[in-house]
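One letter stands for each residue in the lines below.
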Amino acid sequence: LLTRMLMMYSSAQLGSDEARREEAKRREAASLHFVYRLVSRAAQALTLTLTLMRAMGAGARVDWRRLHKVALCELVCCRRAHGRVKEVLSALVGVKSNDGAGAGARGTTTIHTTLGLGLVDRIAESLAEECSSYFHNGDRYTYEGMKKLRVALSQGREHPERDGNVTEAVDLLNRAARFWTDPGAELKAACELLCAVRAHDAVVPIALAAAEAF
C-alpha cells in the first residue's frame with residue numbers, strides 16, 4: 001500500500017513506470033528505516049529508565065533532576081534531552097570530572113569507592129549492550145580507560161602491572177577522545193587521572209585526538 005501511494009505521489013515528477021517504481025521503493029525503504037530507528041530508540045529509552053531504576057535500587061545515586069520534566073518523546077528525538085542523559089550517565093559511571101577544590105582524581109573515584117567496581121562495571125556493561133544510543137562505543141572506551149587508570153592509581157609505583165594498565169588506559173582514551181563532545185567534562189577527568197598516575201606525556205596526544213572531533 002505504501003509503495004502504491006508513493007508511486008502515485010511521484011507520478012507527476014517521474015516519467016516511466018519503472019522509474020516511478022524505483023523511486024517508490026527507495027522512499028519506502030527510507031521510511032521503514034526511519035520507523036525502525038524510531039522504534040529502536042523508543043525501546044532503548046524505556047530500557048534506559050529501567051537500568052537507572054535498577055542502579056538506584058542497588059545503591060547508586062542517579063541525578064534524576066537533570067531529567068525532570070523530560071518526556072519520553074524528548075528522550076527519543078530531542079538532542080538537548082540526549083545531552084542531559086549523557087550527563088546523568090557520565091556521573092553514574094564516574095567518567096565526568098567533579099568541580100570544586102580538591103576534587104581532582106579523588107572526585108572521579110567517588111562512585112567506585114561507594115558502590116564497588118563490580119557494580120559499576122555491570123551498570124556500564126548493561127548501558128553499552130542495551131542502550132547503545134545513549135552509551136555508545138566512545139562512552140565505553142572512556143569508562144574502561146578511566147577504570148584502568150584508577151586501578152593503576154591504587155597500585156604501588158613498583159607494581160608489575162601498573163605500567164601495563166597505564167598503557168592500555170592511554171590507548172583506550174585515545175580511541176575514546178575522538179567521540180568526545182564535551183571536553184570540559186571528559187577531557188578534564190581523563191587529564192586529572194593521567195596526571196595522578198604521572199602519565200603526563202599522554203595528555204597532549206589525547207587532547208589533540210579530542211580536538212579532531214571539532
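Residues numbered from 1 in each chain as written. Predicted model: local features only at pLDDT ≥ 70, side-chain atom pairs only at ≥ 80, totals over all residues. Heavy atoms only, no water.

Participant: With reference to specific residues and values, describe unusual backbone geometry.
Facilitator: Its identity is not glycine, yet Lys-69 carries a phi of approximately 65°, on the positive side. Positionally, Lys-69 belongs in the loop between α2 (17–57) and α3 (72–77). Accessibility expressed as a relative area gives 73% for Lys-69, which makes it exposed. Positioned with a positive phi, Arg-198 is a non-glycine residue whose angle comes to about 65°. Relative to the elements of secondary structure, Arg-198 occurs in the loop between α10 (186–196) and α11 (203–211). (Helix = DSSP H or I, 4+ residues; strand = E, 2+ residues; numbered from the N terminus. Buried < 20%, exposed > 50% of the residue type's maximum accessible area, 1.4 Å probe, protein only.)

Participant: Would you mind going over the packing of helix α9 (residues 162–177) against α11 in detail, with residue names and values included?
Facilitator: Where α9 contacts α11, the two axes come as close as 7 Å, and the packing angle between them is 20°. Compared by their axis directions, α9 and α11 come out roughly parallel. The hand of the α9/α11 crossing is right-handed. Residues Val-170, Leu-173, Asn-174 and Ala-177 of α9 pack against Pro-205, Ile-206, Ala-209 and Ala-210 of α11. Class assignment for the residues of the contact of α9 with α11 results in seven nonpolar, one polar and no charged. (Axes fitted to C-alpha atoms, helices over the stretch in contact; angles between N-to-C directions. Parallel < 35°, antiparallel > 145°, perpendicular 65-115°, else oblique. Left-handed = near helix turned anticlockwise from the far one by under 90°. Contact = heavy atoms within 4.5 Å. Nonpolar A, V, L, I, M, F, W, Y, C, P; charged D, E, K, R; others polar.)

Participant: So what about the packing of aromatic side chains? Which residues, and what values?
Facilitator: Applying the stated criterion to the full structure yields one aromatic pair. In this structure, Arg-41 packs its charged tip against the face of Tyr-134, placed 5.5 Å from the ring centre. (Phe/Tyr/Trp six-rings, centres within 6.5 Å; stacked < 30°, edge-to-face > 60°. Lys NZ or Arg CZ within 6 Å of the ring centre and 35° of its normal.)

Participant: Give a detailed account of the pattern of salt bridges, specifying residues and quantitative values.
Facilitator: Evaluated as defined, the whole model comprises 13 salt bridges. Of the charged contacts in the structure, one is a salt bridge between Glu-23 and Arg-26, with a shortest N-O distance of 2.8 Å. With Glu-23 and Arg-26 both in helix α2 and three residues apart, this pair spans about one turn of that helix. Since its relative accessible area comes to 49%, Arg-26 is described here as partly exposed. The residue Asp-121 makes a salt bridge to Lys-147 at a minimum N-O spacing of 3.2 Å. Residue Asp-121 is found in helix α7 (residues 117–130), and its partner Lys-147 is found in helix α8 (residues 137–154); the two are separated by 26 residues along the sequence. One connected set of salt bridges, linked through shared partners, spans Asp-63, Arg-65, Arg-66 and Glu-87. (Salt bridge = Lys/Arg side-chain N within 4 Å of Asp/Glu carboxyl O.)

Fair warning: the whole summary comes from geometry, so function is off the table for now.
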